[in-house]
Amino acid sequence: VVPRTGSSLEPPEPGMEPPAAAAPDELPPAAKPEQGGRELFGYVGIEAVLDQMKIKTMKTGFEFNIMVVGQSGLGKSTMVNTLFKSKVSRKATQPGREERVPKTVQLQSVTHVIEEKGVKMKLTVTDTPGFGDQINNENCWDPIIKYINEQYERYLREEILITRKRKIPDTRVHGCVYFVPPTGHWLRPLDLEFMRRLSKIVNVVPVIAKADTLTLEERAEFKQRIQRDLKAHGISVYPQEDFDEDPDDRALNDRIREKIPFAVVGADQEHQVNGKRVLGRKTKWGIIEVENPMHCEFPMLRDLLIRSHLQDLKDITHNVHYESYRVRRLNESNR
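Report follows, based on the coordinates. (Residues numbered from 1 in each chain as written. Predicted model: local features only at pLDDT ≥ 70, side-chain atom pairs only at ≥ 80, totals over all residues. Heavy atoms only, no water.)

A short note on the pattern of salt bridges
Enumeration according to the criterion identifies 19 salt bridges in this entry. Note that Arg-157 is salt-bridged to Glu-153, the shortest N-O span being 3.2 Å. Here Glu-153 and Arg-157 lie together in helix α3 (residues 142-159), a separation of four residues that amounts to about one turn. Residue Glu-153 is classed as buried on the basis of its relative accessible area of 12%. Close ionic contact of Lys-223 with Glu-297 constitutes a salt bridge, the shortest N to O distance being 2.9 Å. Taken together, the positions of Lys-223 in helix α5 (residues 216-232) and Glu-297 in the loop between β9 (286-289) and α7 (298-308) put the pair 74 residues apart, joining distant regions of the chain. Here Lys-223 and Glu-297 have matching classes, each one buried. One continuous salt-bridge network, built from bridges that share partners, spans Glu-153, Arg-157, Arg-329 and Glu-332. (Salt bridge = Lys/Arg side-chain N within 4 Å of Asp/Glu carboxyl O. Helix = DSSP H or I, 4+ residues; strand = E, 2+ residues; numbered from the N terminus. Buried < 20%, exposed > 50% of the residue type's maximum accessible area, 1.4 Å probe, protein only.)

Structural data, given as structure tokens:
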């Protein structure tokens, strides 16, 4: 008897059946293309592009511009120094009595280059001394709106040049941290009007300043009132629901939106706690640890601005806020 092709010359053992031949139309599992993609037969090295992007970013660095807005004495400079663990924002010295309160809102920008593990970041911090410090604060947001639009205009002018720079300097404000006074009651008309106007042109992140002056019950009730006020007045702060595309991002941002505004405490001095050096504020009854989630929500603010959403802040600034300004300006030019 002539054996079949591929069969053994020896008869199979009892209970060992030869494998059934695959149907002509069926492919082996390894050769079946995945839904929505193509199955590769070997290693190509596509993921190496991530390493290329990382190396390029480490060489060139990147820019991040943040603005802090709030009344004097709410700890804006201290909070920025705590965020980046360095003296990036200078505290105001004690000037003369006649110079203590600016007559109008002034904007002061300080730029530093921060390097961590080979990654360079050009950080620009813009402070707004004089905001909300006057008896009559009518239109005190106008200089801030003007400054933000000037940065968009500067970027637009570089972009529409025939011979453009290879890398356009980015001075646009990527995030605005608004400090709400810890009154424990509700948002003032000034707070509502500022966030209503600014949330249309920049990413606004509200925080409750000096939250250690409130009890836990007062803090929770104050946050609920602020959330109700924002919803009642149609104010969309960062992260905006309209820009959630990925389901995973939406789930993460929903958890963040439940916590906004963050109740934060800033400190740029270290203290000894259980044998470790921690950033905190020393009181008669103990030390308030800034980076302890049980004491305040500063870690959530830091994660939002730096560790999880920094690139998203830049993307929304470029693709949404700057794009709206660009379209408006080009339409005006055409008319």
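From this point, the narrative continues.
Comments concerning the packing of helix α2 (residues 76-84) against α7
In contact at an axis separation of 10 Å, α2 and α7 are set at 70 degrees when each is read in the N-to-C sense. The angle between the axes of α2 and α7 places the two elements in the roughly perpendicular class. Note on packing geometry: the crossing formed by α2 with α7 is right-handed. Where α2 approaches α7, its residues Met-79, Thr-82, Leu-83 and Phe-84 are matched on the opposing element by Phe-298, Leu-301, Arg-302, Leu-305 and Ile-306. (Axes fitted to C-alpha atoms, helices over the stretch in contact; angles between N-to-C directions. Parallel < 35°, antiparallel > 145°, perpendicular 65-115°, else oblique. Left-handed = near helix turned anticlockwise from the far one by under 90°. Contact = heavy atoms within 4.5 Å.)

Things to note about the sheet that holds strand β1 (residues 62-69)
If you trace the six strands from one edge of the open sheet to the other, you get β2-β3-β1-β4-β5-β6, paired in mixed fashion. Since the sheet does not close on itself, it has two edges, and those belong to β2 (108-116) and β6 (262-263), each with one partner. Its contacts with the sheet put α2 on β1, β2, β3 (119-127) and β4 (175-180), and the angle it makes with β3 is roughly 170 degrees. Packed on one face of the sheet, helix α4 (residues 189-198) meets β1, β4 and β5 (204-208) and runs near 170 degrees to β4. (Pairing = 2+ DSSP bridges.)

Quick look at the nonpolar core
The biggest cluster of nonpolar side chains holds 73 residues, and the ones touching the most others in it are Phe-131, Ile-144, Ile-148, Tyr-178, Phe-194, Met-195 and Leu-198. For Ile-148, the contacting residues outside a window of four places in its chain are Met-67, Val-173, Leu-198, Ile-201 and Val-202. (Core = buried A, V, L, I, M, F, W, Y, C linked by side-chain atoms within 4.5 Å.)

Quick word on a nonpolar patch on the surface
On the surface, a nonpolar cluster with roughly 300 Å² of combined accessible area is contributed by Leu-40, Val-44 and Ile-46. A residue is classified by how much of its surface remains accessible, and Val-44, at 58% relative accessible area, is exposed. (Patch = residues over 30% accessible without salt bridge, like charges linked within 9 Å, V, L, I, M, F, W, Y side chains within 5 Å. Areas by Shrake-Rupley, 256 points an atom, 1.4 Å probe, with all protein chains shown as cover.)

Details of a negative patch on the surface
A cluster of acidic residues, Glu-245, Asp-246, Asp-248, Asp-249, Asp-312 and Asp-315, forms a negative patch at the surface. One can find Asp-315 in helix α8 (residues 310-334). (Lys, Arg positive; Asp, Glu negative; His and termini not counted. Charge placed at Lys NZ, Arg CZ, Asp CG, Glu CD.)

Thoughts on unusual backbone geometry
With glycine set apart, most residues show a phi of negative sign, and most peptide bonds adopt trans. Along the chain, Tyr-238 connects to Pro-239 via a cis peptide bond; the corresponding omega equals 0 degrees. Along the polypeptide, Pro-239 turns up in the loop between α5 and α6 (247-259). At the junction of Ile-260 and Pro-261, the peptide bond is cis and its omega measures out at 0 degrees in the coordinates. Despite not being glycine, Lys-210 shows a phi value in the positive range, around 45 degrees. Residue class for Lys-210 comes out partly exposed when judged on its relative accessible area of 35%. Positioned with a positive phi, Asn-274 is a non-glycine residue whose angle comes to about 55 degrees. If you trace the backbone, Asn-274 turns up in the loop between β7 (270-273) and β8 (276-283). For Asn-274, a relative accessible area of 77% translates into the label exposed.

Quick look at the packing of α3 against α4
When two helices pack together, their arrangement is given by the angle between their axes and by how far apart the axes lie. Where α3 contacts α4, the axes come no closer than 11 Å and their chain directions differ by 15 degrees. For the element pair α3 / α4, the angle class is roughly parallel. Here α3 and α4 pass one another in a crossing that is right-handed. In contact with Ile-144, Ile-145 and Ile-148 of α3, α4 contributes Phe-194, Arg-197 and Leu-198. Class assignment for the residues of the contact of α3 with α4 results in five nonpolar, no polar and one charged. (Nonpolar A, V, L, I, M, F, W, Y, C, P; charged D, E, K, R; others polar.)

Some remarks on the sheet that holds β9
One open sheet holds the three strands; their spatial order is β7-β8-β9, and the pairing between them is antiparallel. Of all the strands in the sheet, the pair left with one neighbour each is β7 and β9. On average, each strand axis in the sheet is tilted by 70 degrees relative to the strand beside it, whichever way the strands run.

Keep in mind these numbers describe shape, not what the thing actually does.
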